[in-house]
Amino acid sequence: MKFGKEFASQMVPEWQAAYMDYACLKILLKQIQHWKQKTTQPDTPPRLPRALTLYRAFSGLIQRQNQRLNSFNGEDTENQPILVNFCTGRKGSGKYETTFLMAAEEGGECEQQFFRRLDNELNKVDKFYKSKVKEVMEEAQTLSKQMKALIAFRIKVDKVAAKFDHIHPSPRMVGMNVFNGEAQSNDSIEDNEKHISLEIEEENSKHMMSSDIASLNILNHVKLNEAIQTHFPTIKQTELNFSKENLKRIEKQLKQAFIEFYHKLRLLKKYSFMNILAFSKIMKKYDKIISRRASRNYMRIVDNSYLGSSDEVTKLMERVEATFIKHFSNSNHGKGMNKLRLKTKKERHRISFCTGLFVGCTAALILALILIIHARNILDKQGKAQYMENMFPLYSLFAFIVLHMILYAANIFFWRQYRINYTFIFGFKQGTELGYREVLLLSFDLAALALASVISNLDMEMDPKTGDYKALTELLPLILVTLALVILIFPFNILYRSSRLFFLTTLFHCIGAPLYKVKFQDFFLADQLTSQVQALRSLQFYICYYGWGDYKHRQNTCKMNDAFNTFYFVVAVVPYWSRLLQCLRRLHEEKDPMQAYNGLKYFLTIIAVCTRTAYSLNAGTGRRIVAWICSAIAAIYGTYWDLVVDWGLLQRRSKNRWLRDKLLVPYKGVYFGAMALNILLRFAWMQTVLNFKVSLHRETLAAIVAGLEIIRRGIWNFFRLENEHLNNVGKFRAFKSVPLPFNYEDDEDRDV
């Protein structure tokens, strides 16, 4: 791999603009080389006598040896083509400026332009690195104060536990302490009690002396973070409670903070190394193309700059390693370093093989289903209408889920293709996120099981002997749904447990809105649920059909039940209501008026869904007009929000007209096509109100409209994350902030 591609692949995506622009400098060198080749005289010089040629070669060799000797002794400044100076500004800030000493030569202006650009890149990289080092130094001081409070908290917890054991001695300490078959007397028990309490106090005092930290008075100046004291962030409990449960939460939170901080230090060190290497590579190319000896002089300046000479990051890494190993890994070096180092995800061939196998099975089952339908002439059977009313809604649930998962896998593929840091945006734990192959494996696995169930349950007529359908085949959809739910909540460490736990936690935050602080993954999942309203209604139908219906005869009275119709409204509204509550929570915390406008969008959608559902249950001209008006307003408002706010497009004065300044996809037509498709699919579900004459069953039409909404959401997902990634790039935000467990009083006064 060429260095340019390797350099680009090693960049932190959010810091891309802060790296040395190696590609631009390489283009400048190619232009200089091209100009040199044009200006070189094609005529060959006259041939010199052999003796004169040998003499010149020998004298040139001696001259080069003398130059090397002089440069080794520091006396080669006169023969250098460049002179690099560090100029100090008025405010104390400085920058590097290179004076090209051979500007009078032919092509000297091009080389001078190259060194100007090189200086700009060095100053940019050096300034950025210095600012980031300053940030991590301040963060290191904060973590140091947190560690002092943690150690003091540990000692206090040990003291409380020792007092409790002293007042309420456990049987293990003073109970039936049998030695040589005889119980101790009361006097020996009391002596043992005193001895144990003295040992505990001695151990605590040794612990305090050896740890070399401030006294327990630190705890008088700190408060616990609200999230530590209670699971519900809305309840404020700031008094210190010296319990082991609180200690575990504090240790867990600080451990995560140290891991994230160490990751930041590693990326900073890698940033310094890769940029220095890039300067070295570009200067070597310059020497090779122009046949000068400027790299040694310039690289000496690079090595002496803050970028090349600062060792604060290395020292901080050593301090973090020592602290983490001592306090979070019981002084186990291997265990501590394994936790600090990020786990790289390994691509497994068996995943690709199994994915291909299930894709083939799914394709074969779809072909078999089509052949069976035509061979049995099922579309003309009398039981078709009964099948569409009862069985089709049950199986369409799996189609909605599989379609959404396939689109999510496609999104992951393109996010990686265009270097969108989706793992950081979603807050996935490094090394545990699912790739597109794993998602495709799960989706086609579910698709194959669902299709096999459909083929097994494709009977349109009842058994003439029993007068009903086979109970086992009729229960196949319920068995499959139950199996999927059991696998989802399965607690053991198989089948991507960390991803399932992440999904369930995020889903619980969506359901529990607005009790929890809203993160990106929370409202992103809530948005996905708004596109799965028909799937949620299918789950509702499962409960009614198998709970109160006659599944053996494929009969139900769900749509005539008032309770079912009421929940038909509620189930459709719940995702939008959850999203509205999230917007209100963010409005309360961030004081951002945009969250109010976003909440208004979901409020209008709730009204549109309710009026449309009322019209579908009881058609009428007045309800149709109201449903049409509300749906049109919600669609127009939602479309504008998608394109302008969520995607950041339709900017009239941007560099890319009607798009945005920065685009990750190189083809502008993709953005215009996505906008047109989003508008078209946004208005597709208005078919349920407009009632165009389509020769399709009502359930089939509803499933198609729901599928189009899922496709629209899949397209929306890519451009939404692209816009979020570009916002992070603009702010150089490459790390997630971990809330710290302790709040110091002086920090709170400073914030006020």
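Along each chain, residues carry numbers from 1 onward, in the same order as the chain's sequence is written. Selection of residues for local features in this predicted model requires a pLDDT of at least 70, selection of side-chain atom pairs for listing and counting requires 80 or more, and totals for whole chains, interfaces and linings are taken over all residues. By convention in this description, side-chain values take in all heavy atoms of the structure and omit both hydrogens and water.

Filter applied, for reference: UniProt positions are given in the numbering used here, feature names are shortened, and annotations may be inferred rather than shown by experiment.
Looking at an unreviewed UniProt entry, the protein carries the name EXS domain-containing protein, with the source organism given as Gossypium mustelinum. Its UniProt record gives the protein the following Sequence similarities (unreviewed entry) comment, quoted word for word: "Belongs to the SYG1 (TC 2.A.94) family." Per UniProt, the comment on the protein under Subcellular location (unreviewed entry) is "Cell membrane".

## Here we look at the overall build of the protein
Filter applied, for reference: For helices the rule is a DSSP run of H or I covering at least 4 residues; for strands it is a run of E covering at least 2, with both sets numbered from the N terminus onward. Throughout, exposure labels follow a simple rule: accessible area from a 1.4 Å probe, protein chains only, divided by the maximum for the residue type, with under 20% read as buried, over 50% as exposed, and the rest as partly exposed. Contact criterion: two residues are considered in contact whenever any of their non-hydrogen atoms come within 4.5 Å of each other. In short, Shrake-Rupley with a 1.4 Å probe defines the accessible areas, and a residue's cover is counted only from the protein chains shown.
Along the protein, the regular secondary structure elements total 29 helices and six strands. Counting all 752 residues of the protein, 41% fall into the buried class. Across the protein, every contact between residues at least 6 apart in sequence was considered, and the portion connecting residues at least 24 apart equals 73%. In the structure as shown, the protein presents an accessible area of about 43500 Å², 59% of it carried by carbon and sulfur atoms.

## Description of the state of the cysteines
Keep this limit in mind: Pairs of cysteine sulfur atoms within 2.5 Å are what we label disulfides.
Overall, the coordinates contain one disulfide when judged by the stated rule. Free cysteine cysteine 610: the closest other cysteine sulfur is in cysteine 630, separated by 9.7 Å. The exposure class assigned to cysteine 610 is partly exposed, which follows from its relative accessible area of 26%.

## Some thoughts on the UniProt feature "transmembrane region" (unreviewed entry) in the protein
Look at the UniProt record and you will see "transmembrane region" (unreviewed entry) annotated at residues 351-374, 394-415, 436-455, 475-494, 563-581, 602-619, 625-644 and 665-685. Overall, residues 394-415 shows 100% helix and 0% strand. The separation of its end C-alpha atoms is 33 Å. A helix fraction of 71% and a strand fraction of 0% characterise residues 665-685, whose end C-alpha atoms lie 29 Å from each other.

## So, the nonpolar core
Our working rule: In plain words, nonpolar cores are sets of buried Ala, Val, Leu, Ile, Met, Phe, Trp, Tyr and Cys residues tied together by side-chain atoms within 4.5 Å.
Trp15 and Phe114 are the most contacted members of the largest nonpolar core, which totals 79 residues. For this core, the leading source of residues is helix α8 (residues 244-290), giving 20 residues. Not counting chain neighbours up to four residues away, the residues in contact with tryptophan 15 comprise Phe128, Lys132, Leu267, Leu268, Tyr271, Phe732, Ala734 and Phe735. Counting 31 residues, the second largest nonpolar core, distinct from the first, contains Leu397, Phe398, Leu451 and Phe541.

## Some thoughts on helix α12 (residues 333-340)
Let me state the cut-off plainly: By arc we mean the arc of the directions from the helix axis to the C-beta atoms, nothing more. Each polar contact in these results corresponds to two N or O atoms within 3.5 Å; when the atoms are within protein, one needs to be able to donate a hydrogen and the other to accept it, and residues that are neighboring in sequence are counted only if both atoms are side-chain atoms.
Listed in full, the buried residues belonging to α12 are Gly336, Met337 and Leu340. Projected onto a plane normal to the axis of α12, the buried residues spread over an arc of 95° and lie on a single side. Looking at the buried positions of α12, the neighbouring elements they touch are α8 and α11 (312-328). Where α12 begins, the side chain of asparagine 332 points an oxygen toward the backbone nitrogen of glycine 334, at a separation of 3.3 Å.

## Let's talk about the side chain of arginine 579
Structurally, arginine 579 can be placed in helix α23 (residues 562-590). Here tyrosine 602 takes part through its side chain, which lies 3.2 Å from a polar atom of the side chain of arginine 579. If we ignore the near neighbours within four places in the chain, the residues touching arginine 579 are Phe523, Ala526, Asp527, Asn598 and Tyr602.

## Some points on the side chain of threonine 355
Mapped onto the elements of the fold, threonine 355 is located in helix α13 (residues 349-376). A distance of 2.7 Å separates a polar side-chain atom of threonine 355 from the backbone oxygen of isoleucine 351. When neighbours within four sequence positions are excluded, threonine 355 is seen to be in contact with Arg437, Leu440 and Leu441.

## Looking at the packing of aromatic side chains
Basically, it comes down to this: Pairing of aromatic rings covers Phe, Tyr and Trp, the last counted by its six-membered ring, and requires centre-to-centre distances within 6.5 Å; plane angles under 30 degrees mean stacked, over 60 mean edge-to-face, and any other angle means tilted. Look at NZ for Lys and CZ for Arg. If either is within 6 Å of the ring centre and within 35 degrees of the ring normal, a charge sits over the ring.
Per the stated rule, a full pass over the model turns up 42 aromatic pairs. Between phenylalanine 258 and phenylalanine 328, the ring centres sit 5.7 Å apart and the planes meet at 50°, which makes this aromatic pair tilted. In this pair, phenylalanine 258 is assigned in helix α8 and phenylalanine 328 in helix α11, connecting sequence segments 70 residues apart. A single burial state applies to phenylalanine 258 and to phenylalanine 328, both of which are buried. In textbook terms, an aromatic cluster arises when at least three aromatic residues are bridged by ring pairs, as seen for Tyr408, Trp415, Tyr422, Phe426, Phe428, Phe502, Phe520, Phe523, Phe524 and Trp716. Positioned over the ring face of tyrosine 306 is lysine 130, at 5.4 Å from the centre of the ring. Over the aromatic face of phenylalanine 328 sits the side chain of arginine 154, whose NZ or CZ is 5.9 Å from the ring centroid.

## A short note on the packing of helix α25 (residues 621-646) against helix α28 (residues 698-730)
Put simply, the test is: To get an axis, fit a line to the C-alpha atoms, keeping to the stretch in contact for a helix; angles then go from 0 to 180 degrees between the N-to-C directions. An angle below 35 degrees is treated as roughly parallel, one above 145 as roughly antiparallel, one from 65 to 115 as roughly perpendicular, and anything else as oblique. Ten residue types, Ala, Val, Leu, Ile, Met, Phe, Trp, Tyr, Cys and Pro, are classed as nonpolar, four, Asp, Glu, Lys and Arg, as charged, and the remainder, Gly among them, as polar.
Closest axis-to-axis distance for the α25/α28 pair is 10 Å, and the angle between their directions is 25°. On the basis of the axis angle, α25 is roughly parallel to α28. Contacts from Asp642, Val645 and Asp646 of α25 reach α28 at Arg712, Trp716, Phe719, Arg720 and Asn723. Its residues assigned to classes, the contact of α25 with α28 comprises three nonpolar, one polar and four charged.

## Remarks on unusual backbone geometry
Cis geometry marks the peptide bond from alanine 513 to proline 514, where omega comes out at 10°. Summarising the element assignment, proline 514 is placed in the loop between α20 (497-511) and α21 (520-530). The phi angle at asparagine 377 is positive, at roughly 55°, despite the residue not being glycine. By the secondary structure assignment, asparagine 377 is in the loop between α13 and α14 (384-390). By relative accessible area, asparagine 377 is classed as partly exposed at 41%.

## Here we look at the pattern of salt bridges
Spelled out, the test is: Counted as salt bridges are all cases of a side-chain nitrogen of Lys or Arg within 4 Å of a carboxyl oxygen of Asp or Glu.
Counted under the stated rule, the structure contains 22 salt bridges. Put simply, arginine 117 and aspartate 21 hold a salt bridge, and the shortest N to O gap is 3.3 Å. Residue arginine 117 is found in helix α4 (residues 108-167), and its partner aspartate 21 is found in the loop between α1 (3-9) and α2 (22-39); the two are separated by 96 residues along the sequence. Among the residues examined, arginine 117 registers a relative accessible area of 28% and is labelled partly exposed. You can call aspartate 21 partly exposed: its relative accessible area is 30%. Salt-bridge contacts for arginine 586 lead to glutamate 590; the nearest nitrogen and oxygen are separated by 3.2 Å. Of this pair, arginine 586 and glutamate 590 both sit in helix α23, four residues apart, which is roughly one turn of the helix. The exposure class assigned to glutamate 590 is partly exposed, which follows from its relative accessible area of 40%. Three or more residues joined by partner-sharing salt bridges are found here, namely Asp21, Arg117, Glu121 and Lys124.

## Quick notes on the packing of α13 against helix α17 (residues 436-456)
For clarity, the cut-off: Helix crossings are classified by the rotation of the near helix relative to the far one: an anticlockwise turn of less than a right angle makes the crossing left-handed, while a clockwise turn makes it right-handed.
Between α13 and α17, the shortest axis-to-axis distance is 8 Å and the interhelical angle comes to 30°. Taken as axis vectors, α13 and α17 run roughly parallel relative to one another. As α13 runs across α17, the sense of the crossing is left-handed. Grouping the amino acids of the contact of α13 with α17 by side-chain chemistry returns 19 nonpolar, three polar and three charged.

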